[in-house]
Amino acid sequence: MAIQLSAEQKSIRKLFYNIDQYEIPEFQRAYSWGYEECFQLYTDIIQSFEAKEDYFIGNIVIARSNENANSPQVIDGQQRLISLWILLKVLSVFVIDTDLEGTVLMLKSWKKSGESQMKIVSKVFEQSDNDHLLSVSKMTKEDFQNKFRVAYDCQKKIVKPNKCKNSIEYSAMLFYQWLSQDGIDDNMRDLFTDYLLDNVYLLPIEMGGENILDARNKALTIFETINNRGKNLQDADIFKARLYNNASGMKQEEDFNKRWLALKEQIDAIDISLDEVFRCYYHIIRGQNGTITAEGKLRDFFLTDKSSPLTHSNYDVILDSLKKIASINEQ
């Protein structure tokens, strides 16, 4: 069967101005962009805006199933997607002669009595990202002004992250600071909003399937291929996605979430990384199999080697092994 893959460059307007509700699945990392990432994104877009040039941000990987076509899952690229949503939200409190809330930030109900829904829904279980997004979505210009007075350090001329409740609010306050600085008037914000919507592009790579498990499994393959040569993600992030998909196929998502959180808490308590635990797991498997060849890359082994437990074992068996390894390190 042919792979159901589509890739079409889209403007931010086309990406958000539709009936899709983008879902960040449970296995994703929590939103974690800080000053450097937000500043790089903002300055790159501003510089392209001033030069009157189109700007391409990069790709995102999406899983879209036939059974729930308007709820695509974001497998890769959620950090930049959420950051763009936050930037648009901040612009919406300045550019009052537009309906960014009703067109690109939220999904309005077709019923008059119906409530609007978030354009991006996060199901990440390690942090309450969805609550944080919802909180920022409700902020007014007055809310931003009041929060800015509390969070801004006038001497260092920075927004203090410890004065913000979470990373999503911190990113919002950074964008608010930059958009409210001297030299940026309402007319410029109007023009910048149009530019952001119509001249800034992403490349969504969509993998289709009859159901979300099928579509997500294919999207994870693309995701792993794209990230295999870089170091943007820890190896454990990739393995976590595979384990979650295995649990999802067994309809054991809730059990996986609880056990993964418990494992992470156990590992954090002994001050080692998940990658180190997987490395120990790799050594154990090599010993059990009597492997004496040179040790390869961790990611290559767990994703492609025939002896990798990710290729044939259920998630619960693997989590049990990881827990035992962590317990040994506690001693």
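Draft legend 1. Here's a closer look at the overall build of the protein chain. For the protein chain, the helix and strand inventory stands at 14 helices and eleven strands. Relative to its length of 331 residues, the protein chain is compact, with a C-alpha radius of gyration of 22 Å against a globular reference of 20 Å. In terms of overall dimensions, the protein chain has C-alpha extents of about 70 × 50 × 45 Å along its principal axes. When contacts within the protein chain are restricted to residue pairs at least 6 apart in sequence, long-range pairs at least 24 apart make up 71% of them.

Draft legend 2. How the structure looks around helix α7 (residues 167–179). Compared with the 18 Å implied by 1.5 Å per residue over 13 residues, the 18 Å span of α7 between its first and last C-alpha is a close match. Within the span of α7, buried status applies to I168, E169, Y170, S171, A172, M173, L174, F175, Y176, Q177, W178 and L179. Among the residues of α7, the N-terminal cap falls to N166, whose side-chain oxygen and the backbone nitrogen of I168 are separated by 3.2 Å.

Draft legend 3. The packing of helix α9 (residues 212–227) against helix α10 (residues 235–249), seen in detail. Taken N-terminus to C-terminus, the directions of α9 and α10 make an angle of 170°; their axes are 11 Å apart at the nearest point. Taken together, the axes of α9 and α10 lie roughly antiparallel to each other. Facing L213, R216, N217, L220, T221, F223, E224 and N227 of α9, the residues of α10 in contact are I238, A241, R242, Y244, N245, S248 and G249. Of the residues that constitute the contact of α9 with α10, the class distribution is six nonpolar, six polar and three charged.

Draft legend 4. Representation of the layout of surface pockets. Reported here for the second largest pocket is a volume of approximately 310 Å³. For the lining of the second largest pocket, the secondary structure elements donating two or more residues are α9, α10, α13 (298–304) and α14 (315–330). Of all the elements, α13 adds the most residues to the lining of the second largest pocket, at five residues. Considering only residue class, the lining of the second largest pocket consists of six nonpolar, nine polar and four charged.

Draft legend 5. Up close: the packing of aromatic side chains. Throughout the structure, instances matching the rule amount to 25 aromatic pairs. Joined through ring pairs, the aromatic side chains of Y35, F39, Y42, F49, F175, W178, F192 and Y195 make up one cluster.

Draft legend 6. The environment of L91, seen in detail. Its location among the elements puts L91 in helix α3 (residues 78–94). Residue classification places L91 among the buried residues on the basis of a relative accessible area of 0%. Each C-alpha atom, one on L91 and one on E253, is 37 Å from the other, the two residues being 162 residues apart in sequence. Residues contacting L91, with those up to four places away along its chain left out, are L100, L179, R189, F192, T193 and L196.

Draft legend 7. Examining a negative patch on the surface more closely. A grouping of D97, D185, D190 and D194 is seen on the molecular surface, where their side chains present a negatively charged patch. Inspection of the secondary structure assignment puts D97 in the loop between α3 and α4 (100–105). Judged by its relative accessible area of 73%, D97 is exposed.

Draft legend 8. Highlighting the packing of α10 against helix α11 (residues 253–269). Between α10 and α11, the least distance of the axes is 8 Å, while the angle of their chain directions is 145°. Relative to α11, α10 is oriented so that their crossing is right-handed. Counting all contacts with α10, which are made through A236, K240, L243, Y244, A247 and S248, the residues of α11 involved are E253, F256, N257 and W260. In the contact of α10 with α11, the residues fall into six nonpolar, two polar and two charged.

What counts, and where the lines are drawn
Residues numbered from 1 in each chain as written. Predicted model: local features only at pLDDT ≥ 70, side-chain atom pairs only at ≥ 80, totals over all residues. Heavy atoms only, no water. Helix = DSSP H or I, 4+ residues; strand = E, 2+ residues; numbered from the N terminus. Rg over C-alpha atoms; globule rule 2.2 N^0.38 Å. Contact = heavy atoms within 4.5 Å. Expected span 1.5 Å × (residues − 1). Buried < 20%, exposed > 50% of the residue type's maximum accessible area, 1.4 Å probe, protein only. Polar contact = N/O pair within 3.5 Å; in protein donor to acceptor, adjacent residues only side chain to side chain. Axes fitted to C-alpha atoms, helices over the stretch in contact; angles between N-to-C directions. Parallel < 35°, antiparallel > 145°, perpendicular 65-115°, else oblique. Nonpolar A, V, L, I, M, F, W, Y, C, P; charged D, E, K, R; others polar. 1 Å grid on protein atoms, 1.4 Å probe; cavity = no way out; pocket = protein on both sides within 12 Å on 5 of 7 lines; lining within 4 Å. Points joined across faces, edges and corners; volume = space filled by probe spheres on them. Phe/Tyr/Trp six-rings, centres within 6.5 Å; stacked < 30°, edge-to-face > 60°. Patch = residues over 30% accessible without salt bridge, like charges linked within 9 Å, V, L, I, M, F, W, Y side chains within 5 Å. Areas by Shrake-Rupley, 256 points an atom, 1.4 Å probe, with all protein chains shown as cover. Salt bridge = Lys/Arg side-chain N within 4 Å of Asp/Glu carboxyl O. Lys, Arg positive; Asp, Glu negative; His and termini not counted. Charge placed at Lys NZ, Arg CZ, Asp CG, Glu CD. Left-handed = near helix turned anticlockwise from the far one by under 90°.

Spatial relationships are all this shows, so hold off on functional conclusions.
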